[in-house]
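An overview of the molecular structure
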Amino acid sequence: MRTDLSGHRHEWLDDDAGPVVRPYTLTGGRARPSTDGLDLVAYVLAKPDPDLAAYPELHPEHRLLVELAGRGTPVVELAADLDLAIGVVRVLLGDLLSRGLVAVHQPPRATYLPDNDILKAVVDGLRAL
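Just so it is clear, the model here is predicted, and its values are computed rather than measured. (Residues numbered from 1 in each chain as written. Predicted model: local features only at pLDDT ≥ 70, side-chain atom pairs only at ≥ 80, totals over all residues. Heavy atoms only, no water.)

With 71% of its residues at a pLDDT of 70 or more, the protein shows a mean pLDDT of 80. Across residues 1–5 the pLDDT falls below 50, and counting only partners more than four positions away or on other chains, this stretch makes 15 contacts in the model. (pLDDT = per-residue confidence, 0-100. Contact = heavy atoms within 4.5 Å.)

Listed below in structure tokens is the structure:
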């Protein structure tokens, strides 16, 4: 077991786990990104050879996002790779977007949705098989 700063012992913490950082600490308490919502399947692509040294305020997670996005990666995969909540990753990506370190390519929106009658006819036809 491990003790926290107040001296309380917690059975869910151990010395091998390392420091526990709450997600809102990474985002500075922000729950929404500075940009419009990022789709889960939107591709994030880092700018070629970004100068991260010019941004000393960036967290290690920001820097890792830039590294992972070098090959073009969906938002949801970035969250999985960093083992962070999707909301936290969206906020961090908003920070990177506002600094011009990454670009986001949103999937195209569906402009035409089939009529419900057509869908029902397809389902009926499949059932008839």
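A separate point is the nonpolar core. Core analysis: the biggest nonpolar cluster contains 21 residues, and Leu-65, Leu-93 and Leu-96 have the highest contact counts within it. Put simply, the parts of the chain that give this core at least two residues each are strand E3 (43–46), helix H2 (60–68), helix H3 (75–82) and helix H4 (86–98). Examining the composition of this core, we find that five residues originate from one element, H4, more than from any other. Among all residues touching Leu-65, those that are not within four sequence positions of it are Leu-78, Leu-82, Val-89, Leu-92, Leu-93 and Leu-96. (Core = buried A, V, L, I, M, F, W, Y, C linked by side-chain atoms within 4.5 Å. Buried < 20%, exposed > 50% of the residue type's maximum accessible area, 1.4 Å probe, protein only. Helix = DSSP H or I, 4+ residues; strand = E, 2+ residues; numbered from the N terminus.)

Two side chains of opposite charge can pair, provided their charged atoms sit close to one another. Here the structure, examined in full by the defined rule, presents two salt bridges. Of the charged contacts in the structure, one is a salt bridge between Arg-99 and Glu-57, with a shortest N-O distance of 2.9 Å. Residue Arg-99 is found in the loop between H4 and strand E5 (102–105), and its partner Glu-57 is found in the loop between E3 and H2; the two are separated by 42 residues along the sequence. (Salt bridge = Lys/Arg side-chain N within 4 Å of Asp/Glu carboxyl O.)

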